Amino acid sequence: MTTRRAFLASLLAAASVPRLTWADAGSPAYLAAAKEPSGDYALFGLAASGQDVFRIPLPGRGHAAAAHPTAPEAVAFARRPGTFALVIDCTTGVTQKTLHAPEGRHFYGHGAFVDGGNLLCTPENDYATGEGRIGIWDRRRNYERVGEIASGGTGPHDILRLDGDVLVIANGGIRTHPDQGRDKLNLDTMRPNLAYATIDGGVEEVVELDTGLHKNSIRHLAARDGLVAFAMQWQGDLPDAAPLLGLHRRGSAPILCTAAMGEQMAMQGYAGSVAISPEGLIGITSPRGSRLHVFRPDGSFAAGFERSDICGLAEGIEGFVATDGMGTVIEARGDSLRPASRAVRAWDNHLVKITVA
């Protein structure tokens, strides 16, 4: 039997062990998944300059990763409709645990930490009912699943933590089922929305688009200083100049942003990533249209850039940092794009900024 003295001694010993930080993993600024020429997949930590900091093999194609706010730990998600996520120690590259979606669920490739990094929230599809759910996993219990809440819609794809541990959720509106691969089952009746929720209170606010835009699936998110930016992907035949970027502040109507007709149509109805720069500008990318569009906070168009297969996007020290399918990390500042680094790999869709608490 463990004595009280031994128990206290073990606590003191544990307390004396220094906690690792992102500095112990090389102080990466970003996480990104990629496919290598061999056909293998990996998760990379990238410096602010775009150079590799670490490479960790993945068992399959990754989509995005959730970075812990203090510990050098990432949860790498399989591409939809994946049913697993890997908890990775980024100092050693060791997978500490594999999270499995509950029976009848699949992940959407994104996640967010709340409660100071104690809880991981994962968007999920209950494919028997079509309802979106947010799974809750407790890191203090070795990522034991401890609950879930409603997402406020169908097809919750991306999720972000806002101040006060409020979650903003991109409910894409699209119903899917793993037995039918990536097929979209309800395009005629889909209803995307932007939802705000907390773990304790559930859904607090839901923002829907006009009915004429019900095929504009809300997919990816960025946030800064109370402003939420959401990137959209049109489903079906593209109408003239469908907006692909929305801006929202809680309690107000969304602002939908478009460029001039030629630039807007060049996006081909698809925004792959979204980010907000330190200067407050909002960017969206289109790998289909090979475009980066930049907007001002009032929704007006600021600039457009052409870059083949550009998709990953995150805030930079100034402006934006982007990735493309040819292995290039790109700096977008002012009125120019500049390659920051190149590697022989194909970057996947997302570039995740590591925000250290």
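This report concerns the structure included in the present document.

### Here's the deal with the nonpolar core
Line of reasoning, step 1. Trp-22, Leu-31, Leu-43, Phe-54, Leu-58, Ile-88 and Cys-90 are the most contacted members of the largest nonpolar core, which totals 18 residues.
Line of reasoning, step 2. At the level of secondary structure, the elements contributing two or more residues to this core comprise β1 (30-35), β3 (52-58), β4 (62-67), β5 (73-78) and β6 (84-89).
Line of reasoning, step 3. Among residues more than four places away in sequence, those in contact with Trp-22 are Ser-27, Pro-28, Phe-54, Ala-67, His-68, Thr-70, Ala-71, Pro-72, Glu-73, Cys-90, Ile-354 and Val-356.
Line of reasoning, step 4. Listed in part, the 16 residues of the second largest apolar core include Leu-194, Leu-209, Leu-221 and Trp-234.

### Things to note about the sheet that holds strand β13 (residues 156-162)
Line of reasoning, step 1. Across the sheet, which stays open at both edges, the 4 strands sit in the order β13-β14-β15-β16 with antiparallel pairing between neighbours. At either end of the open sheet lies a strand with only one pairing partner, and these are β13 and β16 (202-208). On average, adjacent strands in this sheet sit at an angle of 20 degrees to one another, irrespective of strand direction.
Line of reasoning, step 2. Here strand β14 (residues 166-171) pairs with strand β15 (residues 193-198) via 5 bridges, running antiparallel. Residue pairing across strands places Asn-171 opposite Asn-193, the latter belonging to β15.

### Observations regarding the side chain of Ser-217
Line of reasoning, step 1. Positionally, Ser-217 belongs in strand β17 (residues 216-224).
Line of reasoning, step 2. Residue classification places Ser-217 among the buried residues on the basis of a relative accessible area of 0%.
Line of reasoning, step 3. Within the structure, the side chain of Ser-217 is placed 2.9 Å from the backbone oxygen of Gly-172, a separation counted as a polar contact.
Line of reasoning, step 4. Those residues in contact with Ser-217, other than ones at most four positions away along the chain, are Gly-172, Ile-174, Met-190, Pro-192, Ala-231, Met-232, Gln-233 and Gln-235.

### Description of the sheet that holds strand β26 (residues 320-324)
Line of reasoning, step 1. Pairing in this open sheet of 4 strands is antiparallel, and the strands run β25-β26-β27-β28 from one edge to the other. The open sheet has two edge strands, β25 (310-315) and β28 (336-342), and neither has a second partner. Direction aside, neighbouring strands of the sheet carry axes that sit 30 degrees apart on average.

### Overview of the packing of aromatic side chains
Line of reasoning, step 1. If you walk through the whole model with that rule in mind, you get 4 aromatic pairs.
Line of reasoning, step 2. With 5.5 Å between their ring centres and 80 degrees between their planes, Phe-44 and Trp-347 make a pair best called edge-to-face. With Phe-44 in strand β2 (residues 41-46) and Trp-347 in strand β29 (residues 346-353), this residue pair connects regions lying 303 residues apart in the sequence. Taken individually, Phe-44 and Trp-347 each receive the classification buried, so the pair is uniform in this respect.
Line of reasoning, step 3. Ring geometry for Phe-107 versus Trp-137: centroids 6.2 Å apart, planes at 55 degrees, classification tilted. Of this pair, Phe-107 sits in strand β8 (residues 105-107) while Trp-137 sits in strand β11 (residues 131-138), placing them 30 residues apart in sequence. The same class applies to Phe-107 and to Trp-137, which are both buried.
Line of reasoning, step 4. Clustering of aromatic rings is evident, with ring pairs tying together Phe-77, Phe-107 and Trp-137.
Line of reasoning, step 5. In this arrangement the basic side chain of Arg-345 is found over the ring face of Phe-44, its NZ or CZ atom lying 3.8 Å from the centre.

### Considering the pattern of salt bridges
Line of reasoning, step 1. Scanning the model with the defined rule gives 24 salt bridges in all.
Line of reasoning, step 2. Across the salt bridge formed by Glu-73 and Arg-139, the nearest N and O atoms sit 2.8 Å from each other. With Glu-73 in strand β5 and Arg-139 in the loop between β11 and β12 (144-150), this pair connects stretches of sequence that are 66 residues apart.
Line of reasoning, step 3. Judged by relative accessible area, which is 7%, Glu-73 ranks as buried.

### Describing empty space enclosed by the protein
Line of reasoning, step 1. Counted by the stated rule, this structure contains 3 cavities of 30 Å³ or more.
Line of reasoning, step 2. Of the volumes computed, that of the largest cavity is approximately 50 Å³.
Line of reasoning, step 3. Lining the largest cavity are Leu-58, Pro-59, Gly-60, Arg-61, Gly-62, Ala-76, Phe-77, Ala-78, Phe-84 and Leu-86.
Line of reasoning, step 4. Secondary structure elements with two or more residues in the lining of the largest cavity: β5 and β6.
Line of reasoning, step 5. Ranked by residues supplied to the lining of the largest cavity, first place goes to β5 with 3 residues.
Line of reasoning, step 6. Tallied by class, the residues present in the lining of the largest cavity amount to 7 nonpolar, 2 polar and 1 charged.

Cut-off values and rules
- Residues numbered from 1 in each chain as written.
- Predicted model: local features only at pLDDT ≥ 70, side-chain atom pairs only at ≥ 80, totals over all residues.
- Heavy atoms only, no water.
- Core = buried A, V, L, I, M, F, W, Y, C linked by side-chain atoms within 4.5 Å.
- Buried < 20%, exposed > 50% of the residue type's maximum accessible area, 1.4 Å probe, protein only.
- Helix = DSSP H or I, 4+ residues; strand = E, 2+ residues; numbered from the N terminus.
- Contact = heavy atoms within 4.5 Å.
- Pairing = 2+ DSSP bridges.
- Axes fitted to C-alpha atoms, helices over the stretch in contact; angles between N-to-C directions.
- Polar contact = N/O pair within 3.5 Å; in protein donor to acceptor, adjacent residues only side chain to side chain.
- Phe/Tyr/Trp six-rings, centres within 6.5 Å; stacked < 30°, edge-to-face > 60°.
- Lys NZ or Arg CZ within 6 Å of the ring centre and 35° of its normal.
- Salt bridge = Lys/Arg side-chain N within 4 Å of Asp/Glu carboxyl O.
- 1 Å grid on protein atoms, 1.4 Å probe; cavity = no way out; pocket = protein on both sides within 12 Å on 5 of 7 lines; lining within 4 Å.
- Points joined across faces, edges and corners; volume = space filled by probe spheres on them.
- Nonpolar A, V, L, I, M, F, W, Y, C, P; charged D, E, K, R; others polar.

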